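The chain contents come next:
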Amino acid sequence: MQERRDAPLAPLTTLRLGGPARRLVTAESDEDIVRVVREADADGTPLLVLGGGSNLVVSDDGFDGTVVRVASTGVHLEGTRLEVAAGENWAALVDRVVAAGPAGIECLAGIPGSVGATPVQNVGAYGQEVADVLTEVVALDRAAGEVVTLSAAECGFAYRHSRFKAEPNRWVVLRVRMELEDAGGLSAPLKYAETARLLGVSPGDRVPIGEARAGVLRLRAGKGMVLDPEDHDTWSAGSFFTNPILDEDALAAFRRRVVARLGPDVAPPLYPAGEGLTKTSAAWLIERAGFTKGYGDGPARISGKHTLALTNRGGARTADLLALAREVRAGVREAFGVTLVNEPVTVGVEL
């Protein structure tokens, strides 16, 4: 393990924002992670578990406690069965699996962050999500003080949600296990229309798995969603707001607001999201509320490539980013009566 005091956290996040940690411990094994967490819990020390920092908004004041940076390694792929340590880089893992052949996560290429964070958010993109292939999560249950194995059913997966997210101070993910598919070098069926269209096929078709990965990376790069230190559009936490899910009453009210603001001929994007529920697009709401790509005149602005990403143009503070996020949220609520919810985890601040 490596330990530092008053360690800057901003360089460890993709937003490059946030003050220092009183104590930063880099843990390179499951045993070290468990040891640091148990010691902090026993002492009553505030604890922050840090992976790739791609989904984190840290206060300008930093974190007055112990930050354990999960840096464990290990990838074991046997046929279609995959077990990965939480500290492994997710994008690198997808590349490795695609090269080996099994299908199931190729459309999750290019997503920044660590493997251990993926079940927390139930990370998903372009028609795939971690819950589709995950079979088990090995985690430290801080409430019981024990390492346990949770089945996929016990993880409580939903859209960008899980048991781990619902109980953020209870679980520390140590390993993730998945069951992939042997599709003879082909991808899983493409569920996302934009991906299928780019690759010249129909939704539901399969393509060579490498082509699926390459197509997704092209789409992500066009939206500033592939990390590039020279491109400030990628200094973000990815999609800052989740797509709203509306019940029947909220949907009816939303439709009325759309007609009143945009006229009867404008149809908002709507997708089934379970019994009595409908999902709409946060990006559509933001754009139709008047927040265009590149919006803002300060050091924090909406991405020039994608309205869902809030970016640090260099020299921003967390306070600048949150001010922009609040402005966007208020504008969407005023225009459409829908309150956007932030996707990144906030530390020491609230939206």
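This text goes with the structure placed above it.
In what follows, the accompanying structure is described. From a predicted model like this one, the values you see are computed outputs, not experimental measurements.

## Structural notes on the nonpolar core
Logical step 1: Ranked by internal contacts, the top residues of the largest apolar core, which has 52 residues, are W90, I105 and M178.
Logical step 2: Listed by contribution, the elements that provide at least two residues to this core are strand 2 (20-27), helix 1 (30-43), strand 5 (63-70), strand 7 (81-85), helix 2 (90-100), strand 10 (134-141), strand 12 (171-179) and helix 6 (209-222).
Logical step 3: Residues L15, F291, L310 and L340 belong to the second largest nonpolar core, which totals 34 residues.

## Re the packing of aromatic side chains
Logical step 1: Following the criterion strictly, the structure yields seven aromatic pairs and no others.
Logical step 2: On the basis of an interplanar angle of 75° and a centroid distance of 5.1 Å, the ring pair of F240 and F241 is categorised as edge-to-face.
Logical step 3: Since its relative accessible area comes to 2%, F240 is described here as buried.
Logical step 4: When the centroid spacing of 5.7 Å and the interplanar angle of 45° are considered together, the rings of W284 and F336 count as tilted. Here W284, found in helix 8 (residues 282-288), pairs with F336, found in helix 9 (residues 318-336); they are 52 residues apart in sequence, far enough to count as distant. Comparing W284 with F336, the two get one shared label, buried.
Logical step 5: Taken together, the ring pairs in this structure connect F254, W284 and F336 into an aromatic cluster.
Logical step 6: Over the face of the ring belonging to W235 we find R16, whose NZ or CZ atom lies 4.1 Å from the ring centre.

## Structural notes on the packing of helix 7 (residues 248-262) against helix 9
Logical step 1: Where helix 7 contacts helix 9, the two axes come as close as 8 Å, and the packing angle between them is 90°. Overall, the two elements helix 7 and helix 9 adopt an arrangement that is roughly perpendicular. Contact residues: helix 7 offers F254, R257, V258, R261 and L262, while helix 9 offers R333, E334, A335 and F336.
Logical step 2: For the contact of helix 7 with helix 9, a count of residues per class yields five nonpolar, no polar and four charged.

## Comments concerning helix 6
Logical step 1: Along its 14 residues, helix 6 runs 20 Å from first to last C-alpha, staying within 8% of the 20 Å computed at 1.5 Å per residue.
Logical step 2: Those residues of helix 6 not exposed but buried are I209, A212, G215, V216, L219 and R220. Take helix 6 and look down its axis: the buried residues cluster within an arc of 135°, on one side only.
Logical step 3: Tucked into the core, helix 6 has its buried residues touching helix 2, strand 8 (124-125) and helix 5 (193-198).
Logical step 4: Within two residues after helix 6, G224 carries a phi angle of roughly 70°, on the positive side.

## Brief notes about a negative patch on the surface
Logical step 1: Among the surface-exposed residues, D247, E248, D249 and E275 lie close enough to one another that they form a single negatively charged patch.
Logical step 2: Assignment of secondary structure puts D249 in helix 7.
Logical step 3: Note on D249: relative accessible area 65%, which makes it exposed.

## Section: the sheet that holds strand 3 (residues 47-50)
Logical step 1: Strand order in the open sheet made by the four strands is 1-2-5-3, with mixed pairing throughout. Sheet topology places strand 1 (2-8) and strand 3 at the edges, where each strand pairs with a single neighbour. Going across the sheet, the axis of each strand differs from the next one's by a mean of 25°, ignoring polarity.
Logical step 2: Direction of pairing for strand 3 relative to strand 5: parallel, over a ladder of four bridges. Looking at strand 5, one finds that L47 is bridged to T66.

Here is what the cut-offs are and how they apply
- Every residue gets a number counted from 1 within its own chain, in the order that chain's sequence is written.
- Only residues with pLDDT of 70 or above have their local features reported here, since the model is predicted, and side-chain atom pairs are shown and tallied only from 80 upward, although totals for entire chains, interfaces and linings are computed over all residues.
- Derived side-chain values reflect all non-hydrogen atoms in the structure, with water molecules and hydrogen atoms excluded from consideration.
- For this analysis, a nonpolar core means a set of buried residues of the types Ala, Val, Leu, Ile, Met, Phe, Trp, Tyr and Cys, connected via side-chain atoms within 4.5 Å.
- To sort residues, take the accessible area from a 1.4 Å probe on protein chains only and compare it with the maximum for the residue type: under 20% means buried, over 50% means exposed, and anything in between is partly exposed.
- Only runs of H or I of at least four residues qualify as helices and only runs of E of at least two qualify as strands under DSSP, and these elements are numbered from the N terminus.
- Each pair of aromatic rings taken from Phe, Tyr and Trp, with Trp reduced to its six-membered ring, is defined by centres within 6.5 Å and is described as stacked if the planes are under 30 degrees apart, edge-to-face if over 60, and tilted in the remaining cases.
- Any Lys NZ or Arg CZ found within 6 Å of a ring centre and within 35 degrees of that ring's normal is scored as a charge over the ring.
- To obtain each axis, a line is fitted to C-alpha atoms, and for helices this fit is confined to the stretch in contact; angles are then taken between N-to-C directions over 0 to 180 degrees.
- Note that the term roughly parallel is reserved for angles under 35 degrees, roughly antiparallel for angles over 145, roughly perpendicular for angles of 65 to 115, and oblique for everything else.
- Contacts are assigned to residue pairs that have any heavy atoms within 4.5 Å of one another.
- Here the term charged refers only to Asp, Glu, Lys and Arg, the term nonpolar to Ala, Val, Leu, Ile, Met, Phe, Trp, Tyr, Cys and Pro, and the term polar to all other amino acids, Gly among them.
- The span one expects for a helix is its residue count, reduced by one, times 1.5 Å.
- The reported arc concerns the directions from the helix axis to the C-beta atoms and nothing else.
- Exposure above 30% relative accessible area and no salt bridge define the residues that can form patches, which grow by joining like charges within 9 Å and nonpolar side chains of Val, Leu, Ile, Met, Phe, Trp and Tyr within 5 Å.
- Using a 1.4 Å probe, accessible areas were evaluated by the Shrake-Rupley method; residue-level cover was limited to the displayed protein chains.
- Criterion for a salt bridge: a side-chain nitrogen of Lys or Arg within 4 Å of a carboxyl oxygen of Asp or Glu.
- Positive charges come from Lys and Arg alone, negative charges from Asp and Glu alone, with His and the N- and C-terminal ends not counted.
- Where a charge sits is defined by one atom per residue type, namely NZ (Lys), CZ (Arg), CG (Asp) or CD (Glu).
- Strands qualify as paired when DSSP identifies two bridges or more between them.

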